[in-house]
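Survey of secondary and tertiary structure
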Amino acid sequence: FRDIMPPGRINRYDCVEVRFKNNHKDFYRICGNLSLSPGDIVAVEAVPGHDVGIVSLSGPSVFRQMKRKNVDPKNLEIRKIYRKAKPTDIEKWYASIERELPTMKRTKAIIEQLKLEMKLNDVEFQGDGTKAIFYYTAEDRVDFRTLIKMLADEFKIRIEMRQIGARQESAKLGGIGSCGRELCCSTYIHHFQSLSTNTARVQQLSLKPQKLAGQCGKLKGCLNYELPIYNDILKSFPDASMPLKTKKGRAFHHKSDIFKELMWYNYENDAGNLMAIPVENVKKVMRLNKKGKFPENLEDFAISKENKIDDDSVSSKEDLSKLAD
């Protein structure tokens, strides 16, 4: 009962989450008795001047989000919300947004003129029009001191160059994935988890680079969706690295189906044919092997056979390593 608030008393949450262009989000502290709700347009602290964004989250949900992102609500460095945006703030904000496309086109021309090995992806103006962030990708280190000087002289604003990776570039550009839907990275995935080719191996996916790679040339972010489920279920499967020993010979694991609870094995001297064996039967054979007993063959424990189709033979470790983060 200690957590129940008395009548007429409101539990105050003094931080909100604010969304900017390209779904970039940050946390800000409310000043004074300002009451904010999701969807409100606000003027927030920036260096220098102020920026304009839209409140995306308020109330107790903000603190759960801050905890998830390891942000301390008591941190004094959290920037402030000055006020709800006035009509003049919104007019400046719209004017700044309209400057972004012409600025981007002109900047690309300057980059080409200077022959810099970099690719400009996006330009984001601050709400008050005094500063702009230029997002770019580059393979190697780029000396853009001359570029910054030329941009500052031409646009009369403060310039910030920010390098992004291939995933962030795809998120900004957007597009349609092989599934027919919008790219996950440009819709709702804003915090990328590390990916490796082992993620695909655990899920028994084809290791062909052209099947695993997204439009950014890296492993698809959706590979992480079902990985925890596979890891949990595979804990109940026997050790796939242990061969099954029979009087006919040893058999090695090739693949598994966690939904049908089957494991495929083939004899070491007969790599072309696979036997689908239920998990319980695999465990039974392993228990016999531990006791020093060897069944006549594995066919008695299998429920079906199939020819081995190795669609991973065209993949190379070097090609796959380029996809990983």
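Up top is the structure these notes are about.
Read on for an overview of the structure. (Residues numbered from 1 in each chain as written. Predicted model: local features only at pLDDT ≥ 70, side-chain atom pairs only at ≥ 80, totals over all residues. Heavy atoms only, no water.)

Counting residues in each nonpolar core, the largest one holds 20 residues, and the members touching the most others are Met118, Val123, Phe134, Leu147, Leu151 and Met161. Where this core is concerned, the elements lending two or more residues are helix 2 (87–114), strand 6 (119–125), strand 7 (131–137), helix 3 (145–155) and strand 8 (158–163). In this view, Val123 contacts Lys21, Glu100, Thr103, Met104, Ala132, Ile133 and Phe134; residues no more than four positions away in its chain are not counted. In this structure, Met263, Tyr265, Ile277 and Phe301 belong to the second largest nonpolar core, which totals 18 residues. (Core = buried A, V, L, I, M, F, W, Y, C linked by side-chain atoms within 4.5 Å. Buried < 20%, exposed > 50% of the residue type's maximum accessible area, 1.4 Å probe, protein only. Helix = DSSP H or I, 4+ residues; strand = E, 2+ residues; numbered from the N terminus. Contact = heavy atoms within 4.5 Å.)

We now examine the side chain of Asn297. In this fold, Asn297 is placed in the loop between helix 9 (279–290) and strand 13 (304–307). Of the polar contacts made by the side chain of Asn297, one reaches the backbone nitrogen of Glu299; its length is 3.2 Å. Only 3.1 Å separates the side chain of Asn297 from the backbone nitrogen of Asp300, close enough to count as a polar contact. Dropping the residues within four chain positions of it, Asn297 is found in contact with Thr246, Lys248 and Tyr267. (Polar contact = N/O pair within 3.5 Å; in protein donor to acceptor, adjacent residues only side chain to side chain.)

Moving on, we come to the packing of aromatic side chains. Two numbers describe a pair of aromatic rings. These are the distance of the centres and the angle of the planes. Across all of its chains, the model carries four aromatic pairs by this definition. With a centroid separation of 5.7 Å and an interplanar angle of 15 degrees, the aromatic rings of Trp93 and Tyr94 are classed as stacked. Here Tyr136 and Phe144 contribute two aromatic rings whose centre-to-centre distance is 5.6 Å and whose plane-to-plane angle is 75 degrees, an arrangement assigned as edge-to-face. The ring of Trp264 carries Lys255 above its face, with NZ or CZ at 4.8 Å from the centroid. (Phe/Tyr/Trp six-rings, centres within 6.5 Å; stacked < 30°, edge-to-face > 60°. Lys NZ or Arg CZ within 6 Å of the ring centre and 35° of its normal.)

Right, let's get into the sheet that holds strand 7. Pairing in this open sheet of three strands is mixed, and the strands run 6-7-8 from one edge to the other. The open sheet has two edge strands, strand 6 and strand 8, and neither has a second partner. For this sheet, the mean inter-axis angle between neighbouring strands, taken without regard to orientation, is 25 degrees. Inspection of the sheet shows strand 6 paired to strand 7 by six bridges, in the antiparallel sense. Each bridged residue has a counterpart across the sheet, and for Asp122 the counterpart in strand 7 is Tyr135. Sheet contacts for helix 2: strand 6 and strand 7; angle to strand 6, the most-contacted strand, approximately 150 degrees. (Pairing = 2+ DSSP bridges. Axes fitted to C-alpha atoms, helices over the stretch in contact; angles between N-to-C directions.)

Counted at 1.5 Å a residue, the expected span for helix 9 with its 12 residues is 16 Å, and the 17 Å between its end C-alpha atoms agrees. Along helix 9, the positions that sit buried rather than exposed are Val279, Val282, Val285, Met286 and Asn289. Down the axis of helix 9, the sector holding all buried residues measures 120 degrees, keeping them to one side. Each element contacted by the buried residues of helix 9 is listed here: strand 9 (244–246), strand 11 (262–267) and strand 12 (273–278). (Expected span 1.5 Å × (residues − 1). Arc of directions from axis to C-beta.)

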